[in-house]
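Listed below, chain by chain, are the residues.
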Amino acid sequence: MAVIRDVMPAFDLFQPSSIADAQKLLQQQGSDGWVLAGGMDSFDWLKDRIKKPKVVVDLSGIAELKGIRSTAEGIEIGAMTTLTEVVEHPLIKEKFKLLADAAELVASPQIRNQGTIGGNVSQDARCWYYRAGWPCYRAGGNICYADTPEGRNREHAILYADRCVAVNPSDTAPALIALDAKFVIRGPKGERAIDAEDYFIGPDIDITSLHVLRPGDLLTAIRIPSTWAGAQFYFEKVRDRNVWDFPLLNVASAMVVSNGGIERIRIAVNGAAARPLRLRVVEDAVRGKPANAATGESAGKLAVQGAVPLQFNAYKIPLMRNLVKRAIGGVAEATWTS
Amino acid sequence: MGNTGDKEQNKLSRRDLIKGVIAGGAAVSSASYLFRASTLLGQATRGAGERLLTINVNGQLRRADVMRQETLAWTLRHKLGLTGTKLGCDRAECGSCTVLIDDVPYYACSVLTHTVRERKVLTVEGLASPEGKLHPVQQGVIDEQGFQCAFCMPGFLMASVGFLKTNPNPTRSELAQGLSGNLCRCQDYDKILTAMMRGAANMREASRA
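To keep things clear, this report deals only with the structure shown in the data block. (Residues numbered from 1 in each chain as written. Chains lettered and ligands numbered in written order. Predicted model: local features only at pLDDT ≥ 70, side-chain atom pairs only at ≥ 80, totals over all residues.)

This paragraph deals with the interface of chain A and chain B. At the junction of the two partners, chain A supplies 34 residues and chain B supplies 29 residues. For the side of chain A that touches chain B, the secondary structure elements donating two or more residues are β1 (12-14), α1 (19-29), α2 (42-47) and α6 (109-114) of chain A. Top contributing element to the side of chain A that touches chain B by residue count: α6(A), with five residues. For the side of chain A that touches chain B, the residue count by class is 16 nonpolar, nine polar and nine charged. (Contact = placed C-beta atoms within 7 Å. Helix = DSSP H or I, 4+ residues; strand = E, 2+ residues; numbered from the N terminus. Nonpolar A, V, L, I, M, F, W, Y, C, P; charged D, E, K, R; others polar.)

Here is the structure:
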């Protein structure tokens, strides 16, 4: 598609300075309203004329959505906190380095200066058929262009596909799931905090959205409990280019090892399905076992059970198996198996 | 939205207000403040027309009529005549539009001008001193003949200057990391890095002097 270089089509721009005002605006606008956080995902949609919201609500002027606070239970990160702030914050570096590692691998320095943690977990799928405006399932149509014999689906799903085969592209999402974070959502009926893994949904629940937010809802903060502070962390992202690129796959794990055995563990991968996947089966299987290559090997095999490759993405199955293996057994010990 | 009549009215009243402000002259600088303050529902913030903004660019307060959907790169190039900021991809994928906002590098193609009202924008035109003495990083480019076609140069310069504010004495690989959000289609990265390293040394020298 030719790149359009003219200014974006006109929209109304609201710049509220409080969550309450933003909330009122979004409720009033319903599905006409577009929430603008850092804008790194939004502007592509608007510039390409694929999405044409009448009203844009810019959250950048809301101070209460920004910043990282220490709380009794752990830390709270405002949804409009930039990824650079997340990477550089001393508390996150000290206690939850997993999240800093994940955020540091997002896109490019300029994008991390502008992109927010709330936007990173709420961004839309990168399937190019969908992004280019093809009338696919995710866009409300009744066909998937990627899941065809000729469809370009190297980046697409190997697990839990249901008509749509797009994947969730977030790097911070699996890290937040591994850290057992809670997402705070302000909606028309008040505030609620949900588990990180419940924030993300697959096409079986809603084929047009990667997350649970509905018109009028606002993700206001992410809370990370102290439960996993200072645990043994592992984050790895595999991508084609070392800058800008979204993950082909990534893995995030938090593990507590005592006397050589895995006492507790949370592990998640992204880029494999329409939602980041917490690998509960793996967690249950490796608890009590030594954190070594052998455990990692069997964990990797368990992780990819049921995986169904498309025409061009079969490589993701050994990739995911090996990423899980490395997360549990360590990089030095866990040699690559194809 | 079901309130078109109301919207029309607001549009008119805003236009009248802008006219009034222009006629009044002296009240211009307060116009953006008036609009900004009206975040309450149903006030004159509605509508998709242009509106008068005062933004701080290169240390000067510049006035411009800015559409709500206008990007900073567009305002700089087409409204303020600052064409040193280049537009490569217009999709946050190349870095040639990089400017500093409050000393931090951003892609100007992906920032709405309406979000920088209270902030300080620095473009490549603002690097040299008013007397024309080049910025130490610009001097580094001349010293090392750092670019081929140099279309990407303004973006690289701004990304470098921004990065060097946080790390004035980087290793070559740290600087490469800091500049990884900028592309050069001539693939001249090695020479660019050499020039930017020289620029960093020039800056340290200048701050010692």
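Residues and elements named next belong to chain A. Ordered by their spatial adjacency, five strands build an open sheet running β4-β5-β8-β6-β7, and the pairing between neighbours is antiparallel. Sheet topology places β4 (68-70) and β7 (190-195) at the edges, where each strand pairs with a single neighbour. Geometrically, the sheet is characterised by an average inter-axis angle of 25° between neighbouring strands, direction not taken into account. With five bridges connecting them, strand β5 (residues 74-78) and strand β8 (residues 218-225) associate as antiparallel partners. Counted as the bridge partner of I75 is I224 from β8. (Pairing = 2+ DSSP bridges. Axes fitted to C-alpha atoms, helices over the stretch in contact; angles between N-to-C directions.)

Attention shifts here to helix α5 (residues 97-104) of chain A. Three- or four-residue spacings in an α-helix give side chains the same orientation, since the helix completes a turn every 3.6 residues. Residue and element names in this part refer to chain A. Burial analysis of α5 places six of its eight residues in the buried class, the great majority of the element. Here α5 has its buried residues at L98, L99, A100, D101, A102 and A103. Buried-residue contacts for α5 involve α3 (83-88), α4 (90-95), α9 (172-178), β9 (232-238) and β10 (249-258). (Buried ≥ 20, exposed ≤ 12 C-beta atoms within 10 Å, placed from the backbone.)

A:L98, A:L99, A:L179 and A:V324 are the most contacted members of the largest nonpolar core, which has 151 residues in total. In terms of residue count, the dominant contributor to this core is helix α5 (residues 153-166) of chain B (eight residues). Both domain 2 (55-125) and domain 3 (136-208) of chain B contribute no fewer than three residues apiece to this core. Not counting chain neighbours up to four residues away, the residues in contact with A:L179 comprise A:F96, A:L98, A:L99, A:I224, A:W228 and A:A254. (Core = buried A, V, L, I, M, F, W, Y, C linked by C-beta atoms within 7 Å. Domains from an automatic or database assignment.)

Another aspect to go through is helix α12 (residues 293-303) of chain A. Residue and element names in this part refer to chain A. Burial in α12 covers these residues: T295, G296, A299, G300 and A303. Down the axis of α12, the smallest arc covering the buried residues is 135°, so these residues share one side. If you follow the buried residues of α12, they end up packed against α11 (280-286) and α13 (316-329). (Arc of directions from axis to C-beta.)

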